[in-house]
Amino acid sequence: MRTRLAIKLHSLFERHFPERRIFLKSDTDTRYIRLSSETQAFAVLGVAIMVGWTAVATAILLMDSIGSGNFREQAKRDQATYQERLNVLSAERDARAHEALAAHARFNSALEQVSAMQSELLESENRRRELETGIEVIQTTLRATMKQREDARAQLAQLQEETGDDSAIMFASAAPVQMEFMADALTQTAMERDQIAADAQSALDERDDLELEIQLMQERNDEIFRQLEEAMVISVEPLDKMFRQAGMPTDRILDEVRRGYSGMGGPLTPISFSTRGEELSADEVRTNQLLQQMDKLNLYRIAAEKAPFAKPVHSSFRFTSGFGYRRDPKTGGRRMHKGTDFAAPTGTDIFATADGVVTHAGWQSGFGKLVKIKHAFGIETYYAHNTNIRVKVGQRVSRGDHIADMGSTGRSTGTHLHYEVHVNGKPVNPMTYIKAANNVF
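So, how was this worked out
Residues numbered from 1 in each chain as written. Predicted model: local features only at pLDDT ≥ 70, side-chain atom pairs only at ≥ 80, totals over all residues. Heavy atoms only, no water. Helix = DSSP H or I, 4+ residues; strand = E, 2+ residues; numbered from the N terminus. Buried < 20%, exposed > 50% of the residue type's maximum accessible area, 1.4 Å probe, protein only. Contact = heavy atoms within 4.5 Å. Phe/Tyr/Trp six-rings, centres within 6.5 Å; stacked < 30°, edge-to-face > 60°. Patch = residues over 30% accessible without salt bridge, like charges linked within 9 Å, V, L, I, M, F, W, Y side chains within 5 Å. Areas by Shrake-Rupley, 256 points an atom, 1.4 Å probe, with all protein chains shown as cover. Salt bridge = Lys/Arg side-chain N within 4 Å of Asp/Glu carboxyl O. Lys, Arg positive; Asp, Glu negative; His and termini not counted. Charge placed at Lys NZ, Arg CZ, Asp CG, Glu CD. 1 Å grid on protein atoms, 1.4 Å probe; cavity = no way out; pocket = protein on both sides within 12 Å on 5 of 7 lines; lining within 4 Å. Points joined across faces, edges and corners; volume = space filled by probe spheres on them. Nonpolar A, V, L, I, M, F, W, Y, C, P; charged D, E, K, R; others polar. Pairing = 2+ DSSP bridges. Core = buried A, V, L, I, M, F, W, Y, C linked by side-chain atoms within 4.5 Å. pLDDT = per-residue confidence, 0-100. Polar contact = N/O pair within 3.5 Å; in protein donor to acceptor, adjacent residues only side chain to side chain.

> I would appreciate a short explanation of the overall build of the chain in the present structure.
A tally of regular secondary structure across the chain gives 7 helices and 14 strands. Across the 441 residues that make up the chain, the buried fraction comes to 29%. Of the contacts made within the chain by residues no fewer than 6 positions apart, 65% connect residues no fewer than 24 positions apart.

Structural data, given as structure tokens:
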């Protein structure tokens, strides 16, 4: 049975791949190579498999390249959108802060004007009371004088009856002079009283106008406070979420930054408009809360510069290996990969991911040309396999500074950056920080 099957297969191969001979001739001899039907069939099959595999691999590479290019473009657009949104929010926050300061200045000016008007009103009231007292004295004197005049007239009439001469008439002639003097004094007093009443009414009208203006100003201040409070929430919440997603305790981070910036240029100080030991007003309490939020936002921004939230490669790149256990590319065994690999062309710029001080800049076994940067909060970053190092030990760098060029030095199978993040001496996943900052920076 097997012999028949072999014969049939051989006949099938003979029809499609007849036996061929390749002759090799020399000066003294002639030889040939015999290519059987089976040999030709297997050779054609091998070539077909190789061509098919090449086509499939090429298609996969093209699809991967196109897909990664679209993903990078989308990531760039998203990053630009978030950056523009953050800039707009920052501008609005600064504008609201200036408006709040201007509103408080106007509020203080209005309070000073009201205080001055109240002082003037009290002074007018005191003058009115003094004039009323003077009027009462004059009226008392006038009543006494009129009584004396009546007594004098009675005495004059009695004298005229008794003596019948003109001396009583001369005595009585002095009475109209006194009456005229008293009438003038009363008229002047009445005019001053009317003027005081008019001044008091004018002061009351001005007070009402100022109270209306203060009410409108208070409503405007409330609107400004509301907008500022919303801007603070929009600005602080993403930063707070970023630190929490990165596993960094926000309270400890802010305390550490506050201790480092307690001198000039440090946190904002709460404002109090009360100088008499009284309780703060509602506006003063809201102002202090806003200043505390601004202080918190400022501390978050300082902390963000000191933590490795940025990417070490800004140009186009490809993630080739992540954090965790993997198959070792050299030995093939299972080993822990303590960082993240970014692949790009040789010489690609590598940037510091946070502010810090360079603690190592040179060759280290396995890492090749290595840069180590020490940051705040017990964090240290490694940049390995570089072809060129552009910093020195002890140099202070800022986030975004060009520190090295990508290469393949040390224990490496190709051009890439091996990037590690260590917290208190232990390696952690760098993508935890990078992903936490995707919606912020």
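> Just to check I follow, could you spell out the packing of aromatic side chains for this structure?
For any pair of aromatic rings, the description rests on two quantities: the centre-to-centre distance and the angle between the ring planes. Under the definition given, this model contains 7 aromatic pairs. On the basis of an interplanar angle of 40° and a centroid distance of 5.4 Å, the ring pair of Y383 and Y419 is categorised as tilted. Taken together, the positions of Y383 in strand β10 (residues 379-389) and Y419 in strand β13 (residues 417-423) put the pair 36 residues apart, joining distant regions of the chain. The rings of F317, F319, F342, Y383 and Y419 are connected pair by pair, giving a single aromatic cluster.

> Teacher, can you tell me more about a negative patch on the surface here?
There is a patch of like negative charges on the surface, built from E120, E123, D205, E206, D209 and E213. Every element with two or more residues in the negative patch is listed here: α2 (37-163) and α4 (175-245). Inspection of the secondary structure puts E123 in helix α2.

> Before we go on, may I ask you to explain the layout of surface pockets in this structure?
If you roll a probe as big as a water molecule over the atoms, it shows you where there is empty space left. When its volume is computed, the largest pocket comes out at roughly 910 Å³. If you go around the largest pocket, you meet 30 residues; those closest to its centre are A75, Q79, K311, I434 and N438. Elements supplying a minimum of two residues to the lining of the largest pocket: α2, β3 (318-321) and α7 (430-436). Among the residues making up the lining of the largest pocket, the classes are represented as 14 nonpolar, 9 polar and 7 charged.

> Is there a simple way to explain the pattern of salt bridges in this structure?
Side chains carrying opposite charge are able to pair once their charged atoms draw close together. Inspection of every chain in the model, using the stated rule, returns 1 salt bridge. Between R390 and D405 there is a salt bridge, with its nearest N and O atoms 2.9 Å apart. One end of the pair, R390, is in the loop between β10 and β11 (396-397); the other, D405, is in strand β12 (residues 402-406), and 15 residues separate them in sequence.

> Hey, could you run me through the pairing of strand β8 (residues 356-364) in this one?
Along a regular strand, successive side chains alternate from one face of the sheet to the other. Here β8 pairs with β11 via 2 bridges, running antiparallel. Looking at the pairing, V357 lines up with R396 of β11. As defined by bridge partners, β8 adjoins strand β9 (residues 368-374) across 7 bridges and the pair is classed as antiparallel. From the neighbouring strand, V357 faces β9, where its bridge partner is K374. The hairpin turn running from β8 into β9, its antiparallel successor, is 3 residues long, and G366 in that turn takes a positive phi close to 85°.

> Mind showing me how you'd approach a nonpolar patch on the surface here?
A surface patch of nonpolar side chains, about 260 Å² in accessible area, is lined by L5, L9 and L12. Along the chain, L9 falls in helix α1 (residues 2-16).

> Would you mind going over the nonpolar core with me for this structure?
Generally speaking, a soluble globular protein has its nonpolar side chains buried in company with each other. Grouped together as the largest cluster of nonpolar side chains are 41 residues, with contacts concentrated most on F243, M248, F309 and I403. Of all elements in the fold, only α4, α5 (250-260), α6 (282-306), β9, β10, β12, β13 and α7 reach the threshold of two or more residues within this core. When neighbours within four sequence positions are excluded, F243 is seen to be in contact with M248, T250, I253, Y300, A303, A304 and F309. Counting residues in hydrophobic clusters, the runner-up holds 6 residues, among them A100, A103, L228 and L290.

> Which parts of the structure should I look at to understand the confidence of the model for the chain?
If pLDDT is low for a region, its predicted coordinates should not be looked at in detail. Looking at the chain as a whole, the pLDDT averages 77, with 78% of positions reaching at least 70. Strand β7 (residues 349-351) holds the highest mean pLDDT among the elements of the chain, 96, whereas helix α3 (residues 167-172) holds the lowest, 49.

> It is not clear to me how the side chain of T409 should be interpreted in this structure. Could you clarify?
In this structure, T409 sits in the loop between β12 and β13. Note on T409: relative accessible area 18%, which makes it buried. Among the polar contacts made by the side chain of T409, one reaches the main-chain amide nitrogen of K369 at a distance of 3.0 Å. If we ignore the near neighbours within four places in the chain, the residues touching T409 are W363, F367, G368, K369, H385, N386 and T387.

> Got a minute to help me understand the pairing of β13 in this structure?
With 6 of its 7 residues buried, β13 lies for the most part within the structure. Note that strand β6 (residues 340-343) and β13 share 3 bridges and pair antiparallel. When the sheet's bridge partners are listed, T340 is paired in β13 with Y419. In this sheet, β13 lies alongside β10 in antiparallel orientation, the contact comprising 6 bridges. Note that in β13 the partner of E380 across the bridge is H422.

> Just to check I follow, could you spell out the side chain of H418 for this structure?
Along the chain, H418 falls in strand β13. By relative accessible area, which is 7% here, H418 ends up buried. In terms of polar contacts, H418 uses its side chain to reach the side chain of H337, at 3.2 Å. Within the structure, H418 has its side chain in polar contact with the side chain of D341 (distance 3.0 Å). Beyond its immediate chain neighbours, meaning those up to four positions away, H418 contacts H337, G339, T340, D341, F367, Y382, Y383, A384 and H385.

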